[in-house]
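Structural features, examined
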Amino acid sequence: MEKIYTKIVNGQSGEAKFFLGNEAIVRGAIESGIDVYTFYPGTPSSEVGETFIALFKKVGMKWVESSINEKVAMEVAGAAYARGATAMVGMKNVGLNVASDPLFALATTSPKNENSALVILVADDPQQHSSAVEMDSRNFLKLFKIPALEPGNPQECLEFTKEAFNISKELKLPVIIRTVTMVAHARSNVIVGNIKKSELKNDFDLSKEFNVALRTFFLEMKEDHIYNRMVKALEISEKSKLNRVENENFTNEFELGIITSGVSYSYVVEALNFLGLKAPILKIGIINPLPVRKIISFLDKFKKILIVEENDPYLETQVLAIAHRDNLKVRIFGKDPFSYSKEGLLLPYVGELNPTKVALALINITKLKPKLNLEQILERKYESLTRVPSLCPGCPHRTTGYALQKAVKKVKSTTRKEVYFYQDIGCYTLLALPPFSFANVKYCMGSSIALAQGVTHTSESLNIAIIGDGTFFHSGIPALLNGIYNKAPILVLILDNGWIGMTGQQPHPGSDTLYYAEGDFKKRIYLERLLLGTGAEFDVIKHAEKQDGKYSVELYDLIYRKSLEVLESKNLHVILIQDECIQKTIKRQAIIIRAVDTDSCNNCSICYNQFLCPAIVEIEDNAYIDSGICLGCGVCEEICPNKAIHKEEI
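All values derive from a computational prediction rather than experimental measurement.

Now for the sheet that holds strand β7 (residues 175–180). Pairing between sheet strands relies on hydrogen bonds along the backbone, with the strands arranged either parallel or antiparallel. Taken in spatial order, the 7 strands line up as β3-β2-β4-β5-β7-β6-β12 in an open sheet, and their pairing is mixed. Of all strands in the sheet, those bounded by a partner on one side alone are β3 (63–66) and β12 (286–288). Judged from the 2 bridges that link them, strand β6 (residues 148–149) and β12 form a sheet pairing that is antiparallel. Residue Leu149 lies in a different strand from β12, and its bridge partner there is Ile286.

It is worth spelling out the sheet that holds strand β13 (residues 304–308) at this point. The 5 strands lie next to each other as β9-β11-β10-β13-β14, forming an open sheet whose pairing is mixed. Of all the strands in the sheet, just β9 (244–246) and β14 (331–333) have a single pairing partner and so form its edges. Direction aside, the axes of adjacent strands within the sheet are offset by 25 degrees on average. Strands in contact with helix α14 (residues 355–366) are β10 (256–261), β13 and β14; relative to β13, the strand with the most contacts, it is inclined by about 165 degrees.

Attention now goes to the environment of Phe538. Position of Phe538 relative to the elements: it lies in strand β18 (residues 537–542). The spatial distance from the C-alpha of Phe538 to the C-alpha of Ile575 is 5.5 Å, given a sequence separation of 37 residues. Leave out the neighbours within four places in its chain, and Phe538 touches Glu528, Leu531, Leu532, His573 and Val574.

Right, let's get into the nonpolar core. Leu404, Ile449, Ile464, Ile466, Val492 and Ile494 are the most contacted members of the largest nonpolar core, which has 70 residues in total. Broken down by element, the residue count for this core peaks at 9 residues, all from helix α20 (residues 551–569). When near neighbours in sequence (up to four residues on either side) are disregarded, Ile494 contacts Ile467, Gly468, Asp469, Phe472, Leu527, Leu531, Val574, Ile575, Leu576 and Ile577. Core analysis: the second largest hydrophobic core is formed by 69 residues, Ile30, Val192, Val263 and Ala279 among them.

Criteria and thresholds
Residues numbered from 1 in each chain as written. Predicted model: local features only at pLDDT ≥ 70, side-chain atom pairs only at ≥ 80, totals over all residues. Heavy atoms only, no water. Pairing = 2+ DSSP bridges. Helix = DSSP H or I, 4+ residues; strand = E, 2+ residues; numbered from the N terminus. Axes fitted to C-alpha atoms, helices over the stretch in contact; angles between N-to-C directions. Contact = heavy atoms within 4.5 Å. Core = buried A, V, L, I, M, F, W, Y, C linked by side-chain atoms within 4.5 Å. Buried < 20%, exposed > 50% of the residue type's maximum accessible area, 1.4 Å probe, protein only.

See below:
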C-alpha cells in the first residue's frame, strides 16, 4: 500500500513519473480534488479502483467503494455529485449497459452546489481481450447527451481527467472519459501537476427541482440540459486545445486530410511515417459534442478525408452528416457506415486497429506503392507457441467441472433426458471449453439463471445454470427470485470462490472481511443466509470441511441426486459450492506440492485429460506434476484411481 502511495502521490509538479494509463487517471483525479470514487471491477478499468482503495484515506478522499454492480456505483456517485462532491465512477464497456438506467436521468439533473462534478470512466475493450462482447460505448453519447473525452496515451489520461472534472463542474453535467485497453494498459512517462485538496462543504442544496426525475421538473431540466448546458459544452469543444489540427501546413498531392481520436492517432502517425506521407491531422479529444465549426473548417480544405477510429464509425457518421448539411464537396473514407459490407472496406468494424491496417487504408486511397507488401504482412500467420485458455492450476471450478461431468453422464444414463447448461461471466466461463463443454447459452453478467428458465418452461430437459458468487451478487439475485416465484424447475450451481476472481480477486459482499484491507469497514453478507431468506431449496457443500479425501465424490453425488430431484419434483434447487479461489488461498497457506509415484501410475490419463490440470502432463507413459506450476489443491490426489499421487516430501 505504501508503495502505491509513493508511486502515485509523491512527486513535485513538473516531475515525470512512469504510469499506466489507469494510474495516470487516478493521479489526474487526485489533482482535481476528488472526494468520492465508486466502481465495479472490470478489465481494462480495474487498476483505477484498486489504486484508489489503496490510497484514498491518505490523500483525504471521503469515500471509495467497490459497489455491488455498476448501476449502484452510478447511483452512489451520482448522489454524492448532487450534494456537492467531486465524484467519479468507473466501469468497463459492458458495465455502462448496467449503469445506463440511472445515468439517463442523472444526465438531465442540474445540481446547484458549487463543487458538484461527476466524471464517468468507461474502458472499452476492442479485440475483446477480456470481455463477453466487443462493444463501442461511444454510441451511448447521443442518447445521454453529455460531454465525453477520449485520451490516447497515459499523459492525456491525466490531462483529460482534469479537464473532464473542470467541464463537469462548470456545466453541472456528467462527463465521460472513454479509454480503450491499449490506453488503459499503456505505460509511459507522465508529467504530473499539483495535488488539490478536497473542497467539499458540509452545507449543500438538494432541492427536488434540480435533482428529481419527475415529469413536474424533468422537462424543464431537459430543456436546460440540451439548449443551455450542451450549447455551452459545444462552445467549450470548439475552443478546446484537446481538439487540434496537427501538421496544419503539411500538403500532399492527394489533397488528403485525416480525422482521428484516441489511440488511433498513434497508429495514424506511425502509418504516415512508414509511407513517407505528409498530411494534416484533426485530432479529436472531445468526442461529444464534436467541434462542428472546426470540423467544417478542416473538411473545406481537402478533397479527400480519411477517418480513423476503432470499432463503430461513430466519428465518421457524424462527419458525413456535417459535410452533407453544409454541402461540402469532399469525399470521406473510412468504414462506410451505411453499407455493412466487408467488401472494399478500408478499415474494419471488428477488432483493434494497428499501423499496418491504417497504412493499407492510406495506400488504397493514394495508390502509393511501399517497398514492403503490407497485405502479405497483415495476412501472414506466424508460427508461435499457443496456450489454450485454462483455469489456474488448483482452481476450484475445475473440481466442480469434473464432478459435474460425471454427474451429468449418470443423469443422462439414468433418465434418458437431455441436459443443457447456461453460463455466466467469470473464471468458470472457461468450463465452456473441452473437455467439460458446459455451455449452451451465455449472454451477460447475471443472465444464466434466467436463461435456464427460458428453456425449462417449454422442455422436459434438465437445465443447469452456472454462476459465480461475485456475479450472483452483481445481478443474479433478481433472476433467482424470479425462478423461485415462478417455480422454474432448474438446478442452480453457485460457484462460491469467495472473490471476484476473473478481474484480480477483488472482494465482494460475500468475501471474508478478515482477508482484505478494507474489510474492517465492511459487513459480510453470507450467501447461505441470503438463500434461506429467499425460500429456495438449497444445499451447501464446503471443500474446507471435507478432509476425508472424498470431496469430489461427494460433490458429484450431490449434483446427481439434486438433478434427479429437480426433474422429479419440478422445483428450483440451488447448490452452493464453497471452495476458495486458489490464488487467495496460497497467500495465506503454504503450498503442498503433489508428485506422481511412477511405479503406481498406469497412465490412465484422468488427471491430465479429464480433470485437465495444467500442472499435470504425460511424460514417458506416466503422469508428471510440474512442481513449478502445482499450487497444491490436492484434488488430483483424491481422484487418482491408483493412489499414485501423493504429497511431495521436502
